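# Fold and geometry: a report
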Amino acid sequence: MKLEIVNKSPFPLPNYLTEGSAGIDLYANIDESMLLKPLERILIPTGIHISIPTGYEAQIRARSGLALKYGITLANGIGTIDSDYRGEIKIILINLGQEDFIINSGDRIAQMVFIKYEKVTLIEVNKLDETKRGSGGFGHTGI
Ligand SMILES: O=c1ccn([C@H]2C[C@H](O)[C@@H](COP(=O)(O)OP(=O)(O)OP(=O)(O)O)O2)c(=O)[nH]1
Ligand SMILES: [Mg+2]
């Protein structure tokens, strides 16, 4: 799928780093290095704007290496980039580790995956169809 991108950062266009990579890594585009203390969160600009085709979204996801080594993840779990959003893509990082973490401009801080999704038309009813599970959930089949 082709996708238009405006890159206002000094870094190359983000790209898939291996043949089978699902995500493209996003670079922090900041004037000076930033310090993220334990449990602090911060909004990091990337300098990129994209135009996603209708019916698709982009998901911003954590990088597992940063999560495992430093506890750096996303405060919003998975970021949702709407197809009609033309603003700058920004990353909401949180430091769940025990050490200060320094973000330098050009660091690969998260990854972006493109996903096809369905839109639904909600039809309000008084009663839903019956299933074996019913209202059971949250571990009702055992852990
Ligand atoms: O990690 C993220 C999440 C969102 N966005 C941008 C793109 C997205 O299309 C827009 C709105 O995101 P979302 O719907 O998650 O936020 P909201 O709090 O519901 O804001 P809004 O009322 O603008 O929809 O913000 C980012 O740049 N990074
Ligand atoms: Mg929203």
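Cut-off values and rules
- Residues numbered from 1 in each chain as written.
- Chains lettered and ligands numbered in written order.
- Predicted model: local features only at pLDDT ≥ 70, side-chain atom pairs only at ≥ 80, totals over all residues.
- Heavy atoms only, no water.
- UniProt positions renumbered as here; feature names shortened; annotations may be inferred.
- pLDDT = per-residue confidence, 0-100.
- Patch = residues over 30% accessible without salt bridge, like charges linked within 9 Å, V, L, I, M, F, W, Y side chains within 5 Å.
- Areas by Shrake-Rupley, 256 points an atom, 1.4 Å probe, with all protein chains shown as cover.
- Salt bridge = Lys/Arg side-chain N within 4 Å of Asp/Glu carboxyl O.
- Helix = DSSP H or I, 4+ residues; strand = E, 2+ residues; numbered from the N terminus.
- Buried < 20%, exposed > 50% of the residue type's maximum accessible area, 1.4 Å probe, protein only.
- Contact = heavy atoms within 4.5 Å.
- Near = heavy atom within 4 Å.
- Polar contact = N/O pair within 3.5 Å; in protein donor to acceptor, adjacent residues only side chain to side chain.
- Nonpolar A, V, L, I, M, F, W, Y, C, P; charged D, E, K, R; others polar.
- Core = buried A, V, L, I, M, F, W, Y, C linked by side-chain atoms within 4.5 Å.

The name given to the chain in an unreviewed UniProt entry is Deoxyuridine 5'-triphosphate nucleotidohydrolase, and the organism recorded there is Sporanaerobacter acetigenes DSM 13106. As recorded by UniProt, the Catalytic activity (unreviewed entry) comment attached to the chain reads in full: "dUTP + H2O = dUMP + diphosphate + H(+)". Looking at the Pathway (unreviewed entry) heading of the UniProt record, one finds this comment for the chain: "Pyrimidine metabolism; dUMP biosynthesis; dUMP from dCTP (dUTP route): step 2/2."

Turning next to the confidence of the model for the chain. Taken over all residues, the pLDDT of the chain has a mean of 97, while the share at 70 or more is 100%. Scoring the predicted complex yields pTM 0.95 and, for the interface, ipTM 0.98.

So, on to a nonpolar patch on the surface. Taken together, the side chains of Ile123, Val125 and Leu128 present a nonpolar region at the surface, about 350 Å² in accessible area. Structurally, the position occupied by valine 125 is in the segment after β11 (108–116). Given the relative accessible area of 47%, valine 125 is considered partly exposed.

A few words on the UniProt feature "domain: dUTPase-like" (unreviewed entry) in the chain. In this structure's numbering, the residues bearing the UniProt feature "domain: dUTPase-like" (unreviewed entry) are residues 11–142. Between the first and last C-alpha atoms of residues 11–142 the distance is 49 Å; the span itself is 5% helix and 35% strand.

Take the UniProt feature "binding site: substrate" (unreviewed entry) in the chain next. If you check UniProt for "binding site: substrate" (unreviewed entry), the listed places come out as Arg63, Ser64, Gly65, Asn76, Thr80, Ile81 and Asp82 in our numbering. Separation in sequence by 20 residues is matched in space for these annotated residues, since their most distant C-alpha atoms are 26.4 Å apart. Tracing the backbone through its elements, the reader meets threonine 80 in strand β8 (residues 79–81). With relative accessibility at 52%, the residue threonine 80 sits in the exposed group. Beyond its immediate sequence surroundings of up to four residues, threonine 80 is in contact with Glu57 and Ala58. By the element assignment, aspartate 82 lies in the loop between β8 and β9 (90–95).

A separate point is the site of ligand 1. Taken together, Asn76, Gly79, Thr80, Ile81, Asp82, Tyr85, Glu88, Ile89 and Lys90 make up the full set of residues adjacent to ligand 1. Interatomic distance of 2.6 Å between a side-chain N/O atom of aspartate 82 and an oxygen atom of ligand 1. Lysine 90 places a main-chain nitrogen or oxygen 2.7 Å from a nitrogen atom of ligand 1. About the coverage of ligand 1: the protein hides 50% of its 570 Å² of free accessible area. In terms of residue count, β8 provides more of the shell around ligand 1 than any other element does, 3 residues in total. Here the shell around ligand 1 is built from residues that sort into 3 nonpolar, 3 polar and 3 charged.

Let us look at the nonpolar core. Where a protein is soluble and globular, its nonpolar side chains tend to be buried together. Among the nonpolar cores identified, the biggest contains 24 residues, and Ile44, Ile60, Ile89, Ile91, Leu93, Ile103 and Met112 are the most heavily contacted of them. Mapped onto this core, the elements with two or more residues apiece are β2 (24–27), β4 (41–45), β5 (48–51), β6 (56–61), β7 (72–74), β9, β10 (101–103) and β11. Looking at which element gives the most residues to this core, the answer is β11, with 3 residues. Setting aside its immediate chain neighbours within four residues, isoleucine 60 contacts Leu26, Leu74, Gly77, Ile78, Gly79, Ile81, Ile89, Ile91, Ala110, Gln111 and Met112.

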